[in-house]
Amino acid sequence: MTTSLSDTQPATQSIAYWTGLAHEALISFIRARQVEHGFTQPQFWLLRNLSKHDISPDGNGMTLPELQGAMRSYIRPEDDLATEADVLLERGWLSRDDTGRLWITEAGEAARKDLKRHSPVIGARIHEGIDDADYATTVKVLQRMIHNTSGTPG
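J.: Go over the overall build of the protein, please, and point to the residues and values.
T.: Within the protein, the secondary structure is distributed over seven helices and two strands. Oriented by its inertia axes, the alpha-carbon framework of the protein measures out at about 60 × 35 × 30 Å. Looking at the protein as a whole, 27% of its 154 residues are labelled buried. Considering only residue pairs separated by 6 or more positions, the protein has 51% of its internal contacts joining residues 24 or more positions apart. Counting 16 positive and 21 negative side-chain charges, the protein places the averaged centre of each group 4 Å from the other.

J.: Account for the side chain of Gln-41, naming residues and giving values.
T.: By the element assignment, Gln-41 lies in helix H2 (residues 41-50). Residue class for Gln-41 comes out buried when judged on its relative accessible area of 7%. Polar contacts involving the side chain of Gln-41 include one to the side chain of Arg-31, which spans 2.7 Å.

J.: Account for helix H1 (residues 15-36), naming residues and giving values.
T.: With 22 residues, H1 should reach 32 Å at 1.5 Å per residue; the first-to-last C-alpha distance of 31 Å fits that figure. Taken residue by residue, H1 has Ile-27, Phe-29, Arg-31 and Gln-34 as its buried positions. The elements touched by buried residues of H1 are H2 and helix H6 (119-127). Just beyond H1, the residue with positive phi is Gly-38, at close to 90 degrees.

J.: Help me get a handle on the environment of Pro-42, residues and values and all.
T.: Here Pro-42 is to be found in helix H2. When the C-alpha atoms of Pro-42 and Pro-153 are compared, they prove to be 25 Å apart, with 111 residues separating the residues in sequence. What Pro-42 contacts, discounting residues up to four positions off in sequence, is Arg-31, Asp-79, Leu-81 and Glu-84.

J.: Would you mind going over the packing of H2 against helix H5 (residues 106-116) in detail, with residue names and values included?
T.: As a packed pair, H2 and H5 sit with axes 10 Å apart at the nearest point and diverge in direction by 120 degrees. It follows from the interaxial angle that H2 and H5 lie oblique. When the axes of H2 and H5 are compared, the crossing they make is left-handed. Residues Phe-44, Leu-47 and Arg-48 of H2 form the contact with H5, whose own contacting residues are Gly-108, Arg-112, Leu-115 and Lys-116. Looking at the contact of H2 with H5 residue by residue, the classes come out as three nonpolar, one polar and three charged.

J.: Which residues make up the nonpolar core, and what values go with them?
T.: Counting 19 residues, the largest nonpolar core has Leu-46, Leu-47, Leu-50, Leu-67, Leu-94 and Leu-102 as its most contacted members. For this core, the secondary structure elements donating two or more residues are H2, helix H3 (64-70), helix H4 (81-91), strand S2 (102-104) and H5. Sort the elements by how many residues they give to this core and H2 lands first, with five residues. Setting aside anything within four residues of it in sequence, one finds Leu-94 in contact with Leu-47, Leu-50, Ala-85, Leu-88, Leu-89, Leu-102, Trp-103, Ile-104 and Thr-105.

J.: Any chance you could break down the packing of aromatic side chains for me, citing the residues and the numbers?
T.: Two aromatic rings are characterised by how far apart their centres lie and by the angle between their planes. Scanning the entire structure with this criterion turns up three aromatic pairs. Judged by centre distance (4.7 Å) and plane angle (65 degrees), the rings of Trp-45 and Tyr-74 are edge-to-face. Linking Trp-45 in helix H2 with Tyr-74 in the loop between H3 and H4, this pair joins segments that are 29 residues apart in sequence. Its relative accessible area of 10% is what places Trp-45 among the buried residues. Across from the ring centre of Trp-93, 4.8 Å away, lies the NZ or CZ of Arg-91, which sits over that ring.

Conventions and cut-offs
Residues numbered from 1 in each chain as written. Predicted model: local features only at pLDDT ≥ 70, side-chain atom pairs only at ≥ 80, totals over all residues. Heavy atoms only, no water. Helix = DSSP H or I, 4+ residues; strand = E, 2+ residues; numbered from the N terminus. Buried < 20%, exposed > 50% of the residue type's maximum accessible area, 1.4 Å probe, protein only. Contact = heavy atoms within 4.5 Å. Lys, Arg positive; Asp, Glu negative; His and termini not counted. Charge placed at Lys NZ, Arg CZ, Asp CG, Glu CD. Polar contact = N/O pair within 3.5 Å; in protein donor to acceptor, adjacent residues only side chain to side chain. Expected span 1.5 Å × (residues − 1). Axes fitted to C-alpha atoms, helices over the stretch in contact; angles between N-to-C directions. Parallel < 35°, antiparallel > 145°, perpendicular 65-115°, else oblique. Left-handed = near helix turned anticlockwise from the far one by under 90°. Nonpolar A, V, L, I, M, F, W, Y, C, P; charged D, E, K, R; others polar. Core = buried A, V, L, I, M, F, W, Y, C linked by side-chain atoms within 4.5 Å. Phe/Tyr/Trp six-rings, centres within 6.5 Å; stacked < 30°, edge-to-face > 60°. Lys NZ or Arg CZ within 6 Å of the ring centre and 35° of its normal.

This is how it looks when you write it as structure tokens:
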């Protein structure tokens, strides 16, 4: 499908097509910017999920299956957490204990903070030319469509 906004009225176009296209374009863009800064999105997620200063509620280590479970709503089929964790272990950003649990190290926490500072710049590029009110309306419309089709979020 090669429909553009100039081809037909936006209200008659397939939202499933456009949201799918937007999802893939945004993920590709974000991942490419992160690679430019020397890390992958799954590596960043590993650090975030293991940091008590971010997603982890307690900072306790986790096994790879536990991490995969925690990331199930956003991990992509091509993401290999074992390989990504090995890279972080080699960098000294993670450690592994005798039970196979991964732990974020001090160096990993410093790296997580450093990597996180790139997010606003990446987000600003995505939001470029979109006014805050239009963005908020778009998010509300998408949330309502999700609610209308599955019952969550509303």
